Amino acid sequence: MTQTFAVPAAAPDLAAAHLLARLAMETDVSDVHADLEARVAGLVVVDSRGAAGWDQGHLPGAVHLPTARIAADAARLVPAGSRVVTYCWGPGCNGATRAALEFARLGYPVKEMLGGYEYWVREGFPVVTATGLVRRPVDDRTAPRTAVTCDC
């Protein structure tokens with residue numbers, strides 16, 4: 001037996017339920033970028049990092065709302081009925097998860113953006129900085145250099 005299947009795979013129906021649940025709670029940077037470009041109505045992207053992270057760069061159109069302030073400030077900054085996507089630094093940080101939990105507790109439909117700010121930048125999407133809108137070159141370990149999306 002291989003290492004991959006040393007523990008047998010889940011039954012297909014159980015696997016489908018698990019994977020559907022993950023997709024109901026998570027999204028990725030490419031899908032968020034596509035929705036922002038399409039100006040999807042009712043979508044609010046929330047940067048849950050602190051001021052230093054926000055100042056370093058953030059997604060165009062994002063709302064800055066650090067996790068510790070969500071309970072107090074969400075109703076003022078995020079319209080009721082909005083669909084929220086949270087992000088933080090990257091895959092090594094669970095700040096977006098904590099932020100998404102706060103929004104869920106407040107009754108907002110919410111998803112966490114996998115990869116966070118790190119993968120947004122690595123995939124070559126624009127960020128807002130003090131000097132304006134900037135893009136870094138695509139990191140070909142995270143996205144193809146010659147395509148708009150990964151086509152996955």
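Please refer to the structure higher up on the page.
No experiment lies behind these values; they were computed from the predicted model shown.

Quick notes on the rules
Residue indices begin from 1 for each chain and proceed along its sequence in written order. It should be noted that, the model being predicted, local features are given only for residues of pLDDT at least 70 and side-chain atom pairs only at 80 or more, the latter also being counted only at that level, while totals for whole chains, interfaces and linings use all residues. Note that the side-chain values use all heavy atoms of the structure and ignore hydrogens as well as water. When two rings of Phe, Tyr or Trp (its six-membered ring) have centres within 6.5 Å they constitute a pair, described as stacked for plane angles under 30 degrees, edge-to-face for angles over 60, and tilted for the intermediate range. Here a helix means four or more residues in a row that DSSP labels H or I, a strand means two or more in a row labelled E, and each is numbered from the N terminus. Burial classes follow relative accessibility: with a 1.4 Å probe on protein chains only, a residue under 20% of its type's maximum area counts as buried, one over 50% as exposed, and anything between as partly exposed. Placement of a positive charge over a ring is assigned whenever Lys NZ or Arg CZ falls within 6 Å of the ring centre and within 35 degrees of the normal to the ring plane. By definition, two strands form a pair when at least two bridges between them are found by DSSP. Crossover handedness is defined by viewing with both strands directed away from the observer: a clockwise path from the first strand over the helix to the second marks the crossover as right-handed.

(A) Summary view of the packing of aromatic side chains. Here the structure, examined in full by the defined rule, presents three aromatic pairs. Aromatic side chains Trp89 and Tyr117 sit 6.0 Å apart centroid to centroid with 90 degrees between the ring planes, which places their arrangement in the edge-to-face category. Of this pair, Trp89 sits in the loop between strand E4 (83-87) and helix H5 (95-105) while Tyr117 sits in helix H6 (residues 116-122), and the two are 28 residues apart along the sequence. With relative accessibility at 36%, the residue Trp89 sits in the partly exposed group. Looking at Tyr117, the relative accessible area reads 7%, which means it is buried. In this structure, Arg49 is placed above the aromatic ring of Trp89, and the distance from its NZ or CZ to the ring centre is 4.5 Å. For Arg122, the ring lying beneath its charged end belongs to Tyr119, and the centroid distance is 4.9 Å.

(B) Main features of the pairing of E4. Counting buried residues along E4, four of its five residues qualify, which places the element largely inside the surrounding structure. Bridge count between strand E2 (residues 43-47) and E4: five bridges; the pairing is parallel. Note that in E4 the partner of Val46 across the bridge is Thr86. In this fold, the crossover linking E4 to strand E5 (residues 110-114) by way of H5 has right-handed handedness.

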